Amino acid sequence: QVQLVESGGGLVQAGGSLRLSCAASGSIFRINAMAWYRQAPGKQRELVAAITSDGATNYEESVKGRLTISRDNAKNTVYLQMSSLNPEDTALYYCNADITLRIGVRLPSYWGRGTQVTVSS
């Protein structure tokens, strides 16, 4: 059974930093793209940052220069380094991955359960 488990969320003051991690486990042949999404109360889930298996990245405009996505392919883990946080960053942060279980079997959008980030003013 495949799992994506996020960690690293918490409560931080405005201007502070957090590092989120998301580790994939289970019988996995390859993880393709990975991404972080977030959902604030009363809002739709939105893409924050994404990274391909080759390391190419893209970011939502409001987080550019403050959040950095990276991955360790050997550990099947993706990270989100968050700095200069502000209250608008408060949300439940979800990990998403495009996973190949074996040749011909793919989970194109697999989700973790999320980790809460709360930024106080």
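All values derive from a computational prediction rather than experimental measurement. (Residues numbered from 1 in each chain as written. Predicted model: local features only at pLDDT ≥ 70, side-chain atom pairs only at ≥ 80, totals over all residues. Heavy atoms only, no water.)

**Details of the state of the cysteines**
Part 1: Summed over all chains, the structure comprises 1 disulfide.
Part 2: Residue pairing for Cys22: its cysteine sulfur links by disulfide to Cys95, the two sulfurs lying 2.1 Å apart. Around the S-S axis, the bridge from Cys22 to Cys95 shows a dihedral of about -80 degrees and counts as left-handed. With Cys22 in strand S3 (residues 18-25) and Cys95 in strand S9 (residues 91-102), the pair connects residues that are 73 residues apart, well separated along the chain. The exposure classification of Cys22 matches that of Cys95, with both residues buried. (Disulfide = S-S within 2.5 Å. Helix = DSSP H or I, 4+ residues; strand = E, 2+ residues; numbered from the N terminus. Buried < 20%, exposed > 50% of the residue type's maximum accessible area, 1.4 Å probe, protein only.)

**Let's talk about the nonpolar core**
Part 1: In this structure, Trp36, Val48, Val78, Leu80, Met82 and Tyr93 are the most contacted members of the largest nonpolar core, which totals 29 residues.
Part 2: When residues of this core are traced back to their parent elements, those giving at least two are S3, strand S4 (30-39), strand S5 (46-51), strand S7 (67-72), strand S8 (77-82), S9 and strand S11 (115-120).
Part 3: By residue number, the principal contributor to this core is S9, which donates 5 residues.
Part 4: Setting aside chain neighbours within four positions, we find Tyr93 in contact with Glu6, Leu20, Trp36, Tyr37, Arg38, Val48, Leu80, Met82, Gly114, Thr115 and Val117. (Core = buried A, V, L, I, M, F, W, Y, C linked by side-chain atoms within 4.5 Å. Contact = heavy atoms within 4.5 Å.)

**Examining the layout of surface pockets**
Part 1: Considered as a void within the structure, the largest pocket measures approximately 220 Å³ in volume.
Part 2: Around the largest pocket, the lining comprises 14 residues; the ones closest to its centre are Arg38, Lys43, Glu46, Glu88 and Asp89.
Part 3: For the lining of the largest pocket, a count of residues per class yields 3 nonpolar, 5 polar and 6 charged.
Part 4: The computed volume of the second largest pocket comes to approximately 170 Å³.
Part 5: Lining of the second largest pocket is provided by Gln1, Val2, Gln3, Leu4, Val5, Glu6, Tyr110, Trp111, Gly112, Arg113 and Gly114.
Part 6: Elements that contribute at least two residues to the lining of the second largest pocket include exactly strand S1 (3-7) and strand S10 (105-111).
Part 7: If you tally residues by element for the lining of the second largest pocket, the top one is S1, at 4 residues. (1 Å grid on protein atoms, 1.4 Å probe; cavity = no way out; pocket = protein on both sides within 12 Å on 5 of 7 lines; lining within 4 Å. Points joined across faces, edges and corners; volume = space filled by probe spheres on them. Nonpolar A, V, L, I, M, F, W, Y, C, P; charged D, E, K, R; others polar.)

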